[in-house]
Amino acid sequence: MTAQVIDGTAVARQVREDVAKGVQELLAAGGTAPGLATVLIGDDPASEVYVRNKRKLCVAAGMQDLHRHLPGDVGQEEAAALIDELAADPAVSGILLQLPVPKHLDSEALLARIPAEKDVDGLTAANAGLLAQGRPGLRPCTPSGVMVLLDEAGVSLQGAEAVVVGRSVLVGKPMAQLLLERNATVTICHSRTRDLAEVCRRADVLVVAAGIPGLVGADAVKPGATVIDVGIHRGENGLHGDVDTAAVAEVAGSITPVPGGVGPMTIAMLLANTLEAAKVQQGRGD
Ligand code: ADP
C-alpha cells in the first residue's frame, strides 16, 4: 500500500478532547453544562447502539445526558409533544432524533419541530437553508467531520477539483456545499451519472457517500488523490466502505479506512455542535 492512511479515530479523539475543554471553559465562565437530548423511538438494536455511544461520549465530554425513550407504538402527536417539550426546556442545548423512526411516524414533521438552534444533527430545512446561503448555522455532522479530516490531513481545497459521489440530504448535498465554501471546484455524481469512473478520475479530493459497497475502484482514482470513504457496510468479514480500499490505496495519496475513518468523526462533530449550540443559547457564541 502506498497511500497515507487518515486516522479518523485519532482526529475524533482530539475533537472530543477539545470539546471537553470547551465545556470546562464554559463552566468556568459561569455558563451551564451543555445538555444533549437524544430521542429514541422504539427498540431497533442498531439505533440503540448508536444512541448508547452518543450518550456515553456526551457524558465523557462533561455534558448532560438528557436521553428520552418512547415506545415503538407511540403516536405522532405524543412524539411531537416530546420534541416540543425539549424545544422549550432551557437545559436542553441540542435535540437529536435518532433515525429511522418507526414507519407509522412522519419523521420530517418531527424534525421540523426542532428549533434550528437546537438542531445539532444539522438536518432541519432551516439549517440546510443557512448552509445553502453560506450563513452561520449548525452543519450536518458527517460532512463537517470530513472537512476536519481534510484539514488535519493538510489537504488544500482552494481551487482543487473535488468530486462528491452521492447527493443525499444527510451527506452528499451538504458535503458539496461545504467544499464549495472552501473554494473547491465541486462536481456531484449520483445514480444517473453517465461515466462515474471518468468523472471521479478528475478529483484531487474524492468523497464517496453512495451507500454501495466497493462502488469506487482503482480505475476511478487519480494518482495521488485524497479519497474519503463515507460508506459503511457490515459484511461477513467485518465493516467495508463504498471504496475498494485495498486497490485504491495503491493509487491514492491518502485514504480513510473503514472502520476508523469518517465513522468516529460523526459523533465527535455532534458533540462539537452541542457545545456550539449551548454557547450561542447562553450568549457566549463566537
Ligand atoms: P448517505 O446517507 O450515506 O448519503 P444514501 O443511501 O441516502 O446515502 O444516498 C445514496 C446516494 O448515492 C444518493 O444520493 C444517490 O444519488 C447516490 N448514488 C446511488 N448510486 C450511485 C451510483 N451508482 N453512482 C453515484 N452515486 C450514486
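Residues numbered from 1 in each chain as written. Predicted model: local features only at pLDDT ≥ 70, side-chain atom pairs only at ≥ 80, totals over all residues. Heavy atoms only, no water.

- Under the annotation held in an unreviewed UniProt entry, the protein chain carries the name Bifunctional protein FolD and is attributed to Blastococcus saxobsidens.
- Quoted verbatim from the Pathway (unreviewed entry) heading of the UniProt record, the comment on the protein chain is "One-carbon metabolism; tetrahydrofolate interconversion." (UniProt positions renumbered as here; feature names shortened; annotations may be inferred.)

1. With respect to the UniProt feature "domain: Tetrahydrofolate dehydrogenase/cyclohydrolase NAD(P)-binding" (unreviewed entry) in the protein chain
Okay, step 1: Those places that UniProt annotates as "domain: Tetrahydrofolate dehydrogenase/cyclohydrolase NAD(P)-binding" (unreviewed entry) correspond, in this numbering, to residues 140-281.
Okay, step 2: When the span residues 140-281 is considered, its composition is 35% helix and 18% strand, and the gap between its end C-alpha atoms is 19 Å. (Helix = DSSP H or I, 4+ residues; strand = E, 2+ residues; numbered from the N terminus.)

2. Some details on the pattern of salt bridges
Okay, step 1: Summed over all chains, the structure comprises seven salt bridges.
Okay, step 2: Across the salt bridge formed by Asp204 and Lys222, the nearest N and O atoms sit 2.8 Å from each other. Remark: Lys222 occurs in the loop between β8 (205-208) and β9 (226-229) and Asp204 occurs in the loop between α8 (196-200) and β8; sequence separation between them is 18 residues.
Okay, step 3: Asp204 sits in the partly exposed class, given a relative accessible area of 27%.
Okay, step 4: With a relative accessible area of 30%, Lys222 lands in the partly exposed category. (Salt bridge = Lys/Arg side-chain N within 4 Å of Asp/Glu carboxyl O. Buried < 20%, exposed > 50% of the residue type's maximum accessible area, 1.4 Å probe, protein only.)

3. Here's the deal with the site of the ligand
Okay, step 1: In the neighbourhood of the ligand, 13 residues make up the surrounding shell, with Arg167, Ser168, His190, Ala210 and Ile212 lying closest.
Okay, step 2: The backbone of His190 places a nitrogen or oxygen atom 3.5 Å from a nitrogen atom of the ligand.
Okay, step 3: Taking Ala210, its main chain carries an N or O atom lying 3.4 Å from an oxygen atom of the ligand.
Okay, step 4: In isolation the ligand exposes 580 Å². Once the protein is present, 69% of that is buried.
Okay, step 5: Of the residues contributing to the shell around the ligand, the split by class is eight nonpolar, four polar and one charged. (Near = heavy atom within 4 Å. Polar contact = N/O pair within 3.5 Å; in protein donor to acceptor, adjacent residues only side chain to side chain. Areas by Shrake-Rupley, 256 points an atom, 1.4 Å probe, with all protein chains shown as cover. Nonpolar A, V, L, I, M, F, W, Y, C, P; charged D, E, K, R; others polar.)

4. Here's the deal with the domain arrangement of the protein chain
Okay, step 1: As assigned here, the protein chain comprises domain 1 (31-115) and domain 2 (140-263).
Okay, step 2: Taking only C-alpha atoms into account, the centre of domain 1 sits 29 Å from that of domain 2. (Domains from an automatic or database assignment.)

5. Brief notes about the nonpolar core
Nonpolar side chains tend toward joint burial in soluble globular proteins.
Okay, step 1: Leu150 and Leu179 are the most contacted members of the largest nonpolar core, which has 46 residues in total.
Okay, step 2: Of all the elements in the fold, those that place two or more residues in this core are α1 (8-28), α2 (45-60), α6 (141-152), β6 (161-165), α7 (172-181), β8 and α10 (263-281).
Okay, step 3: Sorting elements by how many residues they give to this core places α10 first, with nine residues.
Okay, step 4: Split by domain, the residues of this core number at least three in each of domain 1 (31-115) and domain 2 (140-263).
Okay, step 5: If sequence neighbours within four positions are ignored, Leu150 has contacts with Val155, Leu157, Leu179, Val205, Thr226 and Ile228. (Core = buried A, V, L, I, M, F, W, Y, C linked by side-chain atoms within 4.5 Å. Contact = heavy atoms within 4.5 Å.)

6. Regarding α10
Okay, step 1: Here α10 spans 28 Å end to end across 19 residues, near enough to the 27 Å set by a 1.5 Å rise per residue.
Okay, step 2: Within α10 the residues assigned to the buried category are Met265, Ile267, Ala268, Met269, Leu270, Leu271, Asn273, Thr274, Leu275, Ala277 and Ala278.
Okay, step 3: For α10, the elements touching its buried residues are α1, β2 (35-41), α2, β5 (94-97) and α6.
Okay, step 4: Among the residues trailing α10, Gly283 stands out with phi positive, at a value near 70°. (Expected span 1.5 Å × (residues − 1).)

7. Looking at the UniProt feature "binding site: NADP(+)" (unreviewed entry) in the protein chain
Okay, step 1: UniProt feature "binding site: NADP(+)" (unreviewed entry): in the numbering of this structure it lies at Gly166, Arg167, Ser168 and Ile232.
Okay, step 2: Counting through the fold element by element, Arg167 comes out in the loop between β6 and α7.
Okay, step 3: Discounting residues that sit within four places of it in the chain, Arg167 has contacts with Gly172, Lys173, Ile188, Cys189, His190, Ser191 and Arg192.
Okay, step 4: For Ile232, the position within the fold is in the loop between β9 and β10 (233-235).
Okay, step 5: Given a relative accessible area of 53%, Ile232 falls into the exposed group.
Okay, step 6: Residue contacts for Ile232: discarding those within four places in its chain leaves Leu239, His240, Gly241 and Val258.

8. Some points on the packing of α6 against α7
Okay, step 1: The N-to-C vectors of α6 and α7 enclose an angle of 40°; their axes lie 9 Å apart at closest approach. As far as their axial angle goes, α7 and α6 are oblique. α6 and α7 meet at a crossing whose hand is right-handed. Facing α6, whose interface residues are Pro143, Ser144, Val146, Met147 and Leu150, α7 presents Pro174, Met175, Leu178 and Leu179.
Okay, step 2: Looking at side-chain class alone, the contact of α6 with α7 contains eight nonpolar, one polar and no charged residues. (Axes fitted to C-alpha atoms, helices over the stretch in contact; angles between N-to-C directions. Parallel < 35°, antiparallel > 145°, perpendicular 65-115°, else oblique. Left-handed = near helix turned anticlockwise from the far one by under 90°.)

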